[in-house]
Amino acid sequence: MNLYYIPPKGFYIGDFEIRFYGIIMALSMLAGILLACKLAKKRGLKSDDIIMLALIVIPLAVVGARLYYCIFYTHDYTFLELINLKEGGLAIYGGVIGGIIGVIIFCLIKKDFKLIGLLCDVCAPCLLLGQAIGRWGNFFNQEAYGNIITNENLQFFPFAVFIEDENAWFQAAFFYESLWNLVGVFLLIIAFNKSKITGTTTACYLIWYGIGRAIIEGLRSDSLYIGSTGIRVSQLLSIILVLVGIILIVFNIIRRRKMNGQKV
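Here the structure is a predicted model, which means the values were calculated and not measured.

Rules of the game
- Residues numbered from 1 in each chain as written.
- Predicted model: local features only at pLDDT ≥ 70, side-chain atom pairs only at ≥ 80, totals over all residues.
- Heavy atoms only, no water.
- Helix = DSSP H or I, 4+ residues; strand = E, 2+ residues; numbered from the N terminus.
- Expected span 1.5 Å × (residues − 1).
- Bend = angle between axes of the 7 residues up to and from the residue.
- Buried < 20%, exposed > 50% of the residue type's maximum accessible area, 1.4 Å probe, protein only.
- Pairing = 2+ DSSP bridges.
- Core = buried A, V, L, I, M, F, W, Y, C linked by side-chain atoms within 4.5 Å.
- Contact = heavy atoms within 4.5 Å.
- Phe/Tyr/Trp six-rings, centres within 6.5 Å; stacked < 30°, edge-to-face > 60°.
- Lys NZ or Arg CZ within 6 Å of the ring centre and 35° of its normal.

Novice: What should I look at first to understand helix α5 (residues 115-134) in this one?
Specialist: Three or four residues apart is the spacing at which side chains of an α-helix point the same way, because the helix has 3.6 residues per turn. For α5, built from 20 residues, the straight-helix expectation of 28 Å at 1.5 Å per residue is met to within 8% by its first-to-last C-alpha distance of 27 Å. When the local axis directions of α5 are compared, the greatest deviation, roughly 35°, occurs at C123, which is followed within four positions by the proline P125. Burial within α5 is extensive, with 14 of its 20 residues counted as buried.

Novice: In this structure, what is going on with the pairing of strand β5 (residues 168-171)? I would like to understand it.
Specialist: The two faces of a sheet get side chains in turn, since along a regular strand they alternate between them. Bridging between strand β3 (residues 148-149) and β5 involves two bridges; their strand directions are antiparallel. Of the residues in β5, the one forming a bridge with I148 is F170. Summarising the sheet, strand β4 (residues 160-163) and β5 pair through four bridges and their orientation is antiparallel. Residue V161 lies in a different strand from β5, and its bridge partner there is F170. Counted along the chain from β4 to the antiparallel partner β5, the turn is four residues long, and its residue N167 has a positive phi close to 55°.

Novice: Mind showing me how you'd approach the nonpolar core here?
Specialist: Side chains of a nonpolar character, in soluble globular proteins, are inclined to be buried together. Core analysis: the largest hydrophobic core is formed by 39 residues, its most contacted members being L45, L115, L119, V122 and Y205. Elements represented by at least two residues in this core include exactly α1 (20-41), α2 (47-72), α4 (92-110), α5, α7 (173-194), α8 (200-217) and α9 (233-259). In this structure, L115 is in contact with L45, F106, C107 and K110, ignoring residues within four places of it in sequence. Judged by nonpolar contacts, the second largest core, of 14 residues, contains F139, F170, A172 and F174.

Novice: What should I look at first to understand unusual backbone geometry in this one?
Specialist: Glycine aside, negative phi is the norm for most residues, and most peptide bonds take the trans geometry. In this structure, P158 follows F157 across a cis peptide bond, with omega equal to 20°. Backbone geometry places K111, a non-glycine residue, at a positive phi of 55°. Turning to its location among the elements, K111 is positioned in the loop between α4 and α5. The exposure class assigned to K111 is exposed, which follows from its relative accessible area of 74%. One non-glycine residue with positive phi stands out, namely N167, at about 55°. By secondary structure assignment, the location of N167 is in the loop between β4 and β5. Of the residues examined, N167 reaches a relative accessible area of 58% and is grouped as exposed.

Novice: Would you mind going over the packing of aromatic side chains with me for this structure?
Specialist: Working definition: an aromatic ring pair is given by the centre-to-centre distance plus the angle between the planes. Evaluated as defined, the whole model comprises 21 aromatic pairs. With centroids separated by 6.2 Å and ring planes inclined at 25°, the aromatic side chains of F157 and F174 adopt a geometry described as stacked. Taken together, the residues span a long stretch of sequence, with F157 in the loop between β3 and β4 and F174 in helix α7 at a distance of 17 residues. Relative accessible area serves as the criterion here: at 38%, F157 is assigned to the partly exposed category. The rings of Y5, F11, F20, W136, F139, F140, F157, F174 and F175 are connected pair by pair, giving a single aromatic cluster. The ring of F192 carries R43 above its face, with NZ or CZ at 3.9 Å from the centroid.

Shown next, in the form of structure tokens:
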């Protein structure tokens, strides 16, 4: 039997339980905010604007993540179950949708809708950084894993992870996505620094994350499905986002050529 490590889910201070999942989520948000403050300065935005944006976006992202999960999870939730985050059940795509709503609300407050594209470009690398860090919360919760690994030669981390409840090794899908996202952060920062066309960095996020999630979601054993269709909702949404990203890239290429006076 290969050696394995079962991570603790948390610890207690008195009667108060602190989960490592929550700590990692908080760290992922903090890292995203710090990176956003740095990138915002390159686009003439103030750190105060980013802090105000975060205060609006983060609560809406949590609400969106919870609602998305509950809508597609096959369970009839009571109101108390719906708001009980301690029992788990958050989906990143719902968080992204909630975050976009938060960006729109921020722009309404500022009375400047031109900021939407700019803020999305600033937030895209930061969101991916948060996702890369946040996936390690799945490690401590022992979730977001892939297919079972029966070959003992492949029963090692980071290729596989031992799941205590299943008493077996599974593909470490959470790690695959974390690594994919981390590489994407550097690529998006490069795109952000080099691109002069608003929306390019956002498009790169949609394409990069969409491709990775579509592939990795196909490995997961805990996917959310659209009713009884057998269609993984996050995989379908990922493919749609990739297409939207490609369309946005093409649109920006055409717009850039027009700005340069070239024939399209």
